[in-house]
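# Structural description and commentary
Listed below are the residues making up each chain.
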Amino acid sequence: MKKRYYYTKLMEIIENGHKEYKAKAAEYAKLKQEREEGHFSMDYLQKVILPEMSRIKSKLDDIQWNTKKAIAELTNEQKKAISALDRLNAEELTADAELLKGGYPLKVADLEGIIERNAGNRTMEQLVLRYAEEHGLPLGLIYERAEEEAKTYDAINYAADTVVKWYKDDECYTNVLNSAFGDGSAVKAFIDSEE
């Protein structure tokens, strides 16, 4: 899946979890306030209100856990998709592959030209990178392999988990969300780097 789609789905999961959490937290706060104001008999408090507060508290924990689980599933799906991109695909071979296997003395500029002509073709990009590594040619291109990109997604997953931990405090939640995923963040720059 594309980075932008991943980011959109991630934000959707985080924000939907927060809305659900806030609704449950409001129920809990209402019961807590009524308990503190003494609106209930001790018997009713012990048999109904306290168990209901405990059930809601458990549900709040479940919301956070389920949100983190959904984030992890989305991230793992993304990592599988990018991993598949680094597998060579014979259907993506172009005439330039002949240059790489033909024993020709290729220069860095030749390899950069092959990359430019085959932009977005991960098979050809992989072949050029392998050729450059085997022949000690330093490419002046930035190319992120799937294993490196997977580490970035692991970091994004960690950041999202941290945001979810702050559901209980709206101000902190908003600050952490904006710092981790808002404009100017490293995550947003990574997502926006997709062509």
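The sections below set out a description of the structure shown in this document.

Rules used in this analysis
- Residues numbered from 1 in each chain as written.
- Predicted model: local features only at pLDDT ≥ 70, side-chain atom pairs only at ≥ 80, totals over all residues.
- Heavy atoms only, no water.
- Core = buried A, V, L, I, M, F, W, Y, C linked by side-chain atoms within 4.5 Å.
- Buried < 20%, exposed > 50% of the residue type's maximum accessible area, 1.4 Å probe, protein only.
- Helix = DSSP H or I, 4+ residues; strand = E, 2+ residues; numbered from the N terminus.
- Contact = heavy atoms within 4.5 Å.
- Expected span 1.5 Å × (residues − 1).
- Polar contact = N/O pair within 3.5 Å; in protein donor to acceptor, adjacent residues only side chain to side chain.
- Axes fitted to C-alpha atoms, helices over the stretch in contact; angles between N-to-C directions.
- Parallel < 35°, antiparallel > 145°, perpendicular 65-115°, else oblique.
- Nonpolar A, V, L, I, M, F, W, Y, C, P; charged D, E, K, R; others polar.
- Salt bridge = Lys/Arg side-chain N within 4 Å of Asp/Glu carboxyl O.

Grouped together as the largest cluster of nonpolar side chains are 32 residues, with contacts concentrated most on Leu10, Ile14, Ile156 and Phe181. Sorting the residues of this core by element identifies α1 (3–36), α2 (42–85), α6 (146–165), α7 (170–181) and α8 (186–192) as the ones contributing at least two each. In terms of residue count, α2 provides more of this core than any other element does, nine residues in total. Not counting the four nearest positions on each side in its chain, leucine 10 is found in contact with Ile71, Leu74, Ile156, Ala160 and Phe181. Core analysis: the second largest hydrophobic core is formed by 12 residues, Ala97, Leu106, Leu111 and Ala132 among them.

Along an α-helix, a turn takes 3.6 residues, which lines up residues three or four apart on a common side. With 13 residues, helix α5 (residues 122–134) extends 18 Å from end C-alpha to end C-alpha; this agrees with the ideal 18 Å at 1.5 Å per step. Those residues of α5 not exposed but buried are Arg122, Thr123, Met124, Glu125, Gln126, Val128, Leu129, Tyr131 and Ala132. Close packing links the buried residues of α5 with α2, α3 (96–101), α4 (108–117) and α6. Residue asparagine 121 occupies the N-cap position of α5, its side-chain oxygen lying 3.1 Å from the main-chain nitrogen of threonine 123. Looking one or two residues past α5, glycine 136 carries a phi angle of roughly 65 degrees, positive in sign.

This paragraph deals with the environment of leucine 127. Tracing the chain through its elements places leucine 127 in helix α5. Judged by relative accessible area, leucine 127 falls into the partly exposed class, the value being 21%. Spatially, the C-alpha atoms of leucine 127 and asparagine 16 are 42 Å apart, while their sequence positions differ by 111 residues. With residues up to four places along the chain from it excluded, the contact list for leucine 127 reads Leu88, Leu93 and Leu100.

Let us look at the side chain of lysine 24. On the secondary structure map, lysine 24 appears in helix α1. If we skip the residues at most four places from it in the chain, lysine 24 touches Arg55, Ile56, Lys59, Leu60 and Ile63.

Take histidine 18: it is sitting in helix α1. For histidine 18, a relative accessible area of 12% puts it in the buried group. There is a polar contact of 3.0 Å between the side chain of histidine 18 and the side chain of aspartate 170. Dropping the residues within four chain positions of it, histidine 18 is found in contact with Tyr167, Asp170 and Tyr173.

It is the contact of α2 with α6, at a shortest axis distance of 10 Å, that shows an interaxial angle of 170 degrees. One way to sum up the angle between α2 and α6 is to call them roughly antiparallel. Contacts from Gln64, Thr67, Lys68, Ile71, Ala72, Thr75, Gln78, Lys79, Ile82 and Ser83 in α2 reach Ala146, Glu149, Ala150, Tyr153, Asp154, Asn157, Ala160, Asp161, Val164 and Lys165 in α6. Class assignment for the residues of the contact of α2 with α6 results in eight nonpolar, six polar and six charged.

Turning our attention to the pattern of salt bridges. Summed over the entire model, instances satisfying the criterion amount to 14 salt bridges. For lysine 47, the salt bridge goes to aspartate 43, with nearest N and O atoms at 3.3 Å. Here the residue lysine 47 and the residue aspartate 43 both occupy positions in helix α2, the gap between them amounting to four residues, near one helical turn. Classification of lysine 47 as exposed rests on a relative accessible area of 59%. According to the relative accessible area criterion, aspartate 43 is partly exposed, its value standing at 44%. Note that arginine 55 is salt-bridged to glutamate 52, the shortest N-O span being 2.7 Å.

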